[in-house]
Amino acid sequence: LFPRKEFFQELRRIADDEKDALRYEALAHLIRKGDAEALERGLSALEAGKADALAASHLVNAVQGLDDRSVLSRLRGILLKTTDDAIRIELIRALAAMKDENAASIFRKLEKDANPAVAKAASVALGQVGGLAPDEELIRKAASAEDFPARLAAAEKLLALDRPEGFAAIRALKETTV
């Protein structure tokens, strides 16, 4: 449709139009092509909470695709600031995929989040950054806690980390409830 130069000019025009529904999709495309100005504008939009969950997902995935470690601290800041669970999950997944070891403390905190989807994403992410193994306390709790919900929660965290101890704990729980 457009020669390459005109195509990018049109994308920039769309990205500049605050009323255009495709604004953030255009920014995401420009980010994927390595446009530094678009990257800055996309991160700024995420920091300001201007993008809805779908638009934020496109922006976060575009930033993740760059694998630019210089943006990690900004992504962590956005994760700490946003209250939208869908955006938090996208950011958790992106930081884990980018192997941001500095996000581990945030993931540990989010493992206790009220939203089970956020907690599970954080637990899985914790296992991805730096190859962190679940601590022995979690394995012990899954095997021997007297409180059934605590054992189940520990077993589910182990399963989220793809640990065989999680399957063993679920089997043991099933045997004790039958």
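Placed above this text is the structure.
Because the structure is predicted, anything quoted here is derived from the model rather than measured.

A. Local environment of the overall build of the protein chain. The secondary structure content of the protein chain amounts to 11 helices and zero strands. Each helix and strand of the protein chain, ordered N terminal to C terminal, gives the series α-α-α-α-α-α-α-α-α-α-α. In terms of overall size, the protein chain is more extended than a compact globule, its C-alpha atoms giving a radius of gyration of 20 Å where 178 residues would be expected to give roughly 16 Å. The C-alpha extent of the protein chain, read off along each of the three principal axes, is 65 × 30 × 30 Å. In the protein chain, buried positions account for 40% of the 178 residues. Contacts spanning at least 24 positions in sequence make up 52% of the contacts within the protein chain whose residues lie at least 6 apart. The centroid of the 28 positive side-chain charges in the protein chain is displaced by 1 Å from the centroid of its 30 negative side-chain charges.

B. Region of interest: the packing of helix 3 (residues 36-48) against helix 5 (residues 72-81). In the contact formed by helix 3 and helix 5, the axes pass within 9 Å of each other and the chain directions differ by 20°. By the angle between their directions, the pair helix 3 and helix 5 is classed as roughly parallel. For the element pair helix 3 and helix 5, the recorded crossing hand is left-handed. For the pair helix 3 and helix 5, the contacting residues are Glu40, Leu43, Ser44, Leu46 and Glu47 in the first and Arg74, Leu75, Ile78 and Lys81 in the second. Residue composition of the contact of helix 3 with helix 5, by class: four nonpolar, one polar and four charged.

C. Fine view of helix 8 (residues 116-128). In a regular helix each residue adds 1.5 Å, so 13 residues correspond to 18 Å; helix 8 covers 18 Å between its end C-alpha atoms and thus fits that length. Every buried residue of helix 8 is listed here: Val118, Ala119, Ala121, Ala122, Ser123, Ala125 and Leu126. Against helix 6 (85-97), helix 7 (104-110) and helix 10 (148-160) lie the buried residues of helix 8. Its side-chain oxygen placed 2.7 Å from the backbone nitrogen of Ala117, Asn115 serves as the N-cap of helix 8.

D. Molecular detail of helix 1 (residues 4-16). With 13 residues, helix 1 should cover 18 Å at 1.5 Å per step; its first-to-last C-alpha distance of 18 Å lies within 8% of that length. Within the sequence span of helix 1, burial applies to Phe8, Leu11, Ile14 and Ala15. In a view along the axis of helix 1, the buried residues occupy a sector of 120°, so they form one face of it. Along its buried surface, helix 1 packs onto helix 2 (23-32) and helix 3.

E. Just the pattern of salt bridges, in detail. Under the defined criterion, the tally for this structure stands at nine salt bridges. A salt bridge links Arg41 to Asp16; the nearest nitrogen and oxygen atoms lie 2.8 Å apart. One end of the pair, Arg41, is in helix 3; the other, Asp16, is in helix 1, with 25 residues separating them in the sequence. Between Asp113 and Arg88 there is a salt bridge, with the nearest N and O atoms lying 2.9 Å from each other. Pair noted here: Asp113 is in the loop between helix 7 and helix 8 and Arg88 is in helix 6, with a separation of 25 residues, a long-range link. Each of Asp16, Glu37 and Arg41 takes part in salt bridges that share partners, so that together they form one network.

So, how was this worked out
- Residues numbered from 1 in each chain as written.
- Predicted model: local features only at pLDDT ≥ 70, side-chain atom pairs only at ≥ 80, totals over all residues.
- Heavy atoms only, no water.
- Helix = DSSP H or I, 4+ residues; strand = E, 2+ residues; numbered from the N terminus.
- Rg over C-alpha atoms; globule rule 2.2 N^0.38 Å.
- Buried < 20%, exposed > 50% of the residue type's maximum accessible area, 1.4 Å probe, protein only.
- Contact = heavy atoms within 4.5 Å.
- Lys, Arg positive; Asp, Glu negative; His and termini not counted.
- Charge placed at Lys NZ, Arg CZ, Asp CG, Glu CD.
- Axes fitted to C-alpha atoms, helices over the stretch in contact; angles between N-to-C directions.
- Parallel < 35°, antiparallel > 145°, perpendicular 65-115°, else oblique.
- Left-handed = near helix turned anticlockwise from the far one by under 90°.
- Nonpolar A, V, L, I, M, F, W, Y, C, P; charged D, E, K, R; others polar.
- Expected span 1.5 Å × (residues − 1).
- Polar contact = N/O pair within 3.5 Å; in protein donor to acceptor, adjacent residues only side chain to side chain.
- Arc of directions from axis to C-beta.
- Salt bridge = Lys/Arg side-chain N within 4 Å of Asp/Glu carboxyl O.

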